[in-house]
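Commentary on secondary and tertiary structure
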Number of protein chains: 2
Amino acid sequence: MLSDELRYQLLRTIERNPELTQRQIAKELGLSLGKVNYCVKALLDKGWIKAGNFKNSSNKRAYAYILTPKGLEEKGSVTLRFLKRKLQEYEDIQYAIEQLQNEVTESQRKELKIL
Amino acid sequence: MLSDELRYQLLRTIERNPELTQRQIAKELGLSLGKVNYCVKALLDKGWIKAGNFKNSSNKRAYAYILTPKGLEEKGSVTLRFLKRKLQEYEDIQYAIEQLQNEVTESQRKELKIL
DNA sequence: AAGGGGTTGTTCAGTTGTTGAACGCGAATT
DNA sequence: AATTCGCGTTCAACAACTGAACAACCCCTT
């Protein structure tokens, strides 16, 4: 099961850079090759991207992964879901920071430059 | 390897509530029993908590896990580290939200009540 | 046209991390 | 004494992830 975050990052990366290889995607997003391969297949299976033929001087058998119309639609949808989650995280993290600041001693607080 | 977050949450929870059983800690923090057991052992091994004898009406063979002086010190240290990481996360998330907002369409943006 | 070198997508055995049912123990209850 | 109950502990089973190895393909040289 691909998380919203992963889907978002993949669709975003692929849309911006269709000519990336799976290895380059892996490096860019900090994922393992196996995981990227699994995910790309899943995206192909869902019909969100398709693999066109792409060739340039250095890449030998690389595909160009391009977003389908369905993929574009999904990207919008997943981006919105992901944004909502991030906004929630934002609130949570604010609360967590507040709590943490209360638990940090005065001398420690001076070390940081907060408050 | 215990993460700073896990260490922080455990020390914090145990300090506030020494009489919690491993199962209660697991439930409170959303962890599995096995994981809590593993972590508690690690904390004991490090000498940050010690297991006193504790008995009440409903608990049969429960320990009272209480923070040692070293544990208290470590809690302060880990809390500070964790706070720093959260402050960084806070910045990161702000940037991520900014990016996400730019990628969301106008109609979608209206659905949320942002900007 | 044959072959070597290089880069790709793909595979999959091995590793790592996690889970929670089951166990033995001791205290409480019957 | 026998049973029950809740505790900490264990560990086989499951799930997730990794990256070295493989086959396919293209390009280039001979």
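Read on for a plain summary of the structure. Just so it is clear, the model here is predicted, and its values are computed rather than measured. (Residues numbered from 1 in each chain as written. Chains lettered and ligands numbered in written order. Predicted model: local features only at pLDDT ≥ 70, side-chain atom pairs only at ≥ 80, totals over all residues. Heavy atoms only, no water.)

1. Description of the relation of the copies chain B and chain A
Overlaying chain B with chain A gives an RMSD of 0.1 Å, the required rotation being 180° about an axis along which the chain moves by 0.0 Å. The operation mapping one copy onto its partner corresponds to a two-fold rotation axis. Identified as the residue of chain B closest to the rotation axis by C-alpha distance is B:Y90, at 3.5 Å. Most of the interface of chain B is mirrored in chain A, where 100% of its interface residues are also at the interface. (Least-squares fit on C-alpha atoms with pLDDT ≥ 70 in both. Contact = heavy atoms within 4.5 Å.)

2. Observations regarding the protein's contact with DNA strand D
Taken together, 18 residues lie near DNA strand D, and A:S32, A:R61, B:R23, B:N37 and B:K41 sit nearest. Sugar and phosphate atoms form 68% of the subset of DNA strand D atoms that lie within 4 Å of the protein. Separating a phosphate oxygen of DNA strand D from a backbone N or O atom of B:Q22 is a distance of 3.1 Å. Elements with a contribution of two residues or more to the surface near DNA strand D: helix 3 (33-46) of chain A together with helix 2 (22-29), helix 3 (33-46) and strand 2 (63-67) of chain B. The greatest single-element share of the surface near DNA strand D, amounting to 3 residues, is contributed by helix 3 of chain B. For the surface near DNA strand D, the residue count by class is 4 nonpolar, 7 polar and 7 charged. (Near = heavy atom within 4 Å. Polar contact = N/O pair within 3.5 Å; in protein donor to acceptor, adjacent residues only side chain to side chain. Helix = DSSP H or I, 4+ residues; strand = E, 2+ residues; numbered from the N terminus. Nonpolar A, V, L, I, M, F, W, Y, C, P; charged D, E, K, R; others polar.)

3. Notes on the side chain of B:K75
Within the element layout of this structure, B:K75 appears in helix 4 (residues 69-103). Here B:K75 is in contact with B:L11, B:R12, B:E15 and B:L67, once residues within four sequence places are set aside.

4. Re helix 2 (residues 22-29) of chain A
Residue and element names in this part refer to chain A. Of the positions making up helix 2, those classed as buried are Q22, I25 and A26. Along helix 2, the residues classed as buried sweep out an arc of 100° about the axis, all on the same side. For helix 2, the exposed residues lying more than 90 degrees away from the buried face are R23, K27 and E28. Close packing links the buried residues of helix 2 with helix 1 (4-16), helix 3 and strand 2 (63-67). Count one or two residues on from helix 2 and you reach G30, which has phi positive near 70°. (Buried < 20%, exposed > 50% of the residue type's maximum accessible area, 1.4 Å probe, protein only. Arc of directions from axis to C-beta.)

5. Some details on the pattern of salt bridges
Applying the stated rule across the entire model yields 20 salt bridges over all chains. One salt bridge connects B:E15 with B:K75, and the closest N-O pair in it is separated by 2.8 Å. Of the two residues, B:E15 sits in helix 1 (residues 4-16) while B:K75 sits in helix 4, which places them 60 residues apart along the sequence. Relative accessible area serves as the criterion here: at 35%, B:E15 is assigned to the partly exposed category. The structure contains a network of salt bridges with shared partners spanning A:D4, A:R7, A:E74 and A:R81. (Salt bridge = Lys/Arg side-chain N within 4 Å of Asp/Glu carboxyl O.)

6. A few points about the interface of chain B and chain A
The extent of an interface is frequently quoted as the accessible surface area lost upon association of the parts. Across the boundary between the two partners, chain B contributes 26 residues, which contact 26 residues of chain A. Of the roughly 2,600 Å² buried at the junction of chain B and chain A (both faces included), carbon and sulfur atoms supply 71%. Where chain B meets chain A, there are 4 salt bridges. With a closest N to O distance of 2.7 Å, B:R12 and A:E103 form a salt bridge. For the pair chain B and chain A, the number of links is 10 residue pairs in polar contact (both at pLDDT 80 or more). Considering each element in turn, the side of chain B that touches chain A owes the most residues, 18 residues, to helix 4 of chain B. Taken together, the residues of the side of chain B that touches chain A break down into 12 nonpolar, 7 polar and 7 charged. (Buried area = accessible area lost by both parts, 1.4 Å probe.)

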